[in-house]
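Coordinates in review
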Amino acid sequence: MDFTFTEEQQAAVEAAKAVFGPVAPDSVPSPALTPGAVADDFDRALWSKLNDADLLSLLLAPEHGGAGLDAIALCLVLRESAKALARVPLLEHTATAVAVQTYGSDELKERILPRAARGELVLTAASAGRTGHDPAQLAVSARRDTDTWILDGTQTGVPWAHNADHIAVPAHTPQGRTVIAVLPHPHEGLSLAEQISTTGERLGELHLDSVRLAPHQIIETDEAWDRLHQLLTTGTCALALGLGERVLRMTGDYTSKREQFGYPVATFQAVAVQAADRYIDLRAMEATLWQAAWRISTQADGALPTAGDIAVAKIWASEGVRRVVQTAQHLHGGFGADTDYPLHRYHAWAKQLELSLGPAAAHEETLGDLLAAHPLG
């Protein structure tokens, strides 16, 4: 087996490092000190740099202005973005664009993809459902009325919804099928209430009241939502990995300089063992992430469906990133809670990533159901 990344994937990493390297993780007010949102919009200047580096169109085909790469390349870039706490909808934008490219009508592709590839249109996706715990597709109903579709329902916690031009919304039909509505924003019958995430970013509670869409704005392929959800979940694992790696590096740097009894605290066995445990967490997060991304990219057969590998990756990502930031706070002592130091920001982002697209317990249930349906023998 060859576990090395391709030249194209490595080039994407280098481009990502060049873009995200100078980004300051404390470029907006601290969420711990801000009663509302830390900013009204995402980082548009950084968004423009991502476009200049062709990182907004990585997974799109060349005919749509993209590089034609795969989920592994996207995860490599997301990993770098999380190290800097980059405030951009790169995951949601890319995943939604891929869904449109793969399953959308020709008219929808023509209207969205060329401009999305250049970052002129911003895309996001609703994936939390009505409460954050129920399946997203059950929160909105979609019914066909002659030549239009009518949508009703509520989706909570939609990332970057206030600043997106199109929102991909899963919905269920009376026949029990799942479709994806690609909603332009603003649109008649669509309203957004402001919600604030753990990171201090603006989320949107999306309300749909008899929203009417043309048939070309609806993706009807049965597997489309599952594939979009899988890419969103795997991308979240990549973000958790990148964040955890940066936090462990910050912890190593701090404990190497902080002295007690005349010695760096990093030389104390209790400190070294805790840091080593968190390093093992990160390596497990990495191995399971690449397995999930590879399954998505190749659709290769396995002992379990692709959803099984994604569940394992998200279990490790949720549990691992939580343990990493908790250990980092402990080893930093009181300095880790100082709002002038960025560690508390990473802790807030880690909690958001831990719960996004489902906590570990939810994916453990999914994995259990898959194991029951596909006994390993």
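Here's what I pulled together on the structure shown here. Everything numeric in this text was worked out from a predicted model, so none of it was measured.

What about the overall build of the protein?
When helices and strands are tallied, the protein shows 10 helices and 10 strands. A globule of 377 residues ought to have a C-alpha radius of gyration of about 21 Å, and the protein, at 21 Å, matches this closely. Over its C-alpha atoms, taken along the principal directions, the protein stretches across nearly 80 × 55 × 40 Å. The buried share of the protein, taken over its 377 residues, is 53%. In the form shown here, the protein has an accessible surface area of approximately 16,600 Å², with 52% of it arising from carbon and sulfur atoms. Distance between charge centres in the protein, computed from 29 positive and 47 negative side chains, equals 3 Å.

Remarks on the pattern of salt bridges
According to the stated counting rule, one finds 24 salt bridges in the structure shown. Of the charged contacts, one joins Arg-115 and Glu-120 as a salt bridge, the two residues approaching to 3.6 Å between their closest N and O atoms. For Arg-115, a relative accessible area of 38% translates into the label partly exposed. Where Arg-295 meets Asp-309, a salt bridge forms, and the shortest distance between an N and an O atom there is 2.3 Å. Taken as a pair, Arg-295 in helix 7 (residues 269–298) and Asp-309 in helix 8 (residues 306–332) lie far apart in primary sequence, 14 residues in all. Taking the relative accessible area as the measure of exposure, Arg-295 reaches 4% and is therefore buried. What emerges from the salt-bridge pattern is a single network uniting Arg-278, Asp-281, Glu-319, Arg-322, Arg-323, Lys-351 and Glu-354.

Here we look at the pairing of strand 6 (residues 190–196)
When a strand is regular, its side chains alternate between the sheet's two faces. Where strand 6 meets strand 7 (residues 202–213), 7 bridges bridge the pair, whose relative direction is antiparallel. Across the sheet, Leu-192 pairs through a bridge with Leu-206, a residue of strand 7. Where strand 6 folds back on strand 7, the antiparallel hairpin that results is connected by 5 residues, among which Gly-200 adopts a positive phi of roughly 90°.

Quick notes on the nonpolar core
Of all hydrophobic cores here, the largest spans 104 residues; its most connected members are Phe-20, Leu-151, Leu-183, Leu-208 and Leu-243. Here this core gets 14 residues from one element, more than from any other, and that element is helix 6 (residues 224–257). If you look at the next biggest cluster of nonpolar residues, it comprises 6 residues, including Leu-304, Ala-360, Leu-367 and Leu-370.

Concerning the environment of Asp-70
Note on placement: Asp-70 falls in the loop between helix 2 (44–52) and helix 3 (71–83). The spatial distance from the C-alpha of Asp-70 to the C-alpha of Gly-36 is 37 Å, given a sequence separation of 34 residues. Among residues more than four places away in sequence, those in contact with Asp-70 are Gln-9, Leu-59 and Ser-297. Looking at Asp-70, its side chain comes within polar contact range of the side chain of Gln-9, at 3.3 Å.

Details of the side chain of Glu-286
Following the sequence through the fold, Glu-286 ends up in helix 7. With residues near it in sequence (within four places) discarded, Glu-286 still touches Arg-79 and Leu-241.

As for the pairing of strand 3 (residues 148–159)
Along strand 3, 10 of the 12 residues are buried, which leaves the element largely enclosed by surrounding structure. Direction of pairing for strand 2 (residues 140–145) relative to strand 3: antiparallel, over a ladder of 6 bridges. When the bridges of strand 3 are listed, Arg-144 appears paired with Trp-149. If you look at the hairpin formed by strand 2 and strand 3, you'll find 2 residues sitting between the two strands, and Thr-146 has a positive phi there, around 50°. Summarising the sheet, strand 3 and strand 7 pair through 8 bridges and their orientation is antiparallel. When the bridges of strand 7 are listed, Trp-149 appears paired with Leu-213.

Topic: the packing of helix 3 against helix 4 (residues 90–103)
Two numbers describe how helix 3 lies on helix 4: the axes approach to 11 Å, and their chain directions differ by 165°. Between helix 3 and helix 4, the crossing angle belongs to the class labelled roughly antiparallel. Taken as a pair, helix 3 and helix 4 cross one another with a handedness that is right-handed. In contact with Leu-74, Val-77 and Leu-78 of helix 3, helix 4 contributes Leu-90, Leu-91 and Thr-94. A class-by-class count of the residues in the contact of helix 3 with helix 4 yields 5 nonpolar, 1 polar and no charged.

Calculation notes
- Residues numbered from 1 in each chain as written.
- Predicted model: local features only at pLDDT ≥ 70, side-chain atom pairs only at ≥ 80, totals over all residues.
- Heavy atoms only, no water.
- Helix = DSSP H or I, 4+ residues; strand = E, 2+ residues; numbered from the N terminus.
- Rg over C-alpha atoms; globule rule 2.2 N^0.38 Å.
- Buried < 20%, exposed > 50% of the residue type's maximum accessible area, 1.4 Å probe, protein only.
- Areas by Shrake-Rupley, 256 points an atom, 1.4 Å probe, with all protein chains shown as cover.
- Lys, Arg positive; Asp, Glu negative; His and termini not counted.
- Charge placed at Lys NZ, Arg CZ, Asp CG, Glu CD.
- Salt bridge = Lys/Arg side-chain N within 4 Å of Asp/Glu carboxyl O.
- Pairing = 2+ DSSP bridges.
- Core = buried A, V, L, I, M, F, W, Y, C linked by side-chain atoms within 4.5 Å.
- Contact = heavy atoms within 4.5 Å.
- Polar contact = N/O pair within 3.5 Å; in protein donor to acceptor, adjacent residues only side chain to side chain.
- Axes fitted to C-alpha atoms, helices over the stretch in contact; angles between N-to-C directions.
- Parallel < 35°, antiparallel > 145°, perpendicular 65-115°, else oblique.
- Left-handed = near helix turned anticlockwise from the far one by under 90°.
- Nonpolar A, V, L, I, M, F, W, Y, C, P; charged D, E, K, R; others polar.

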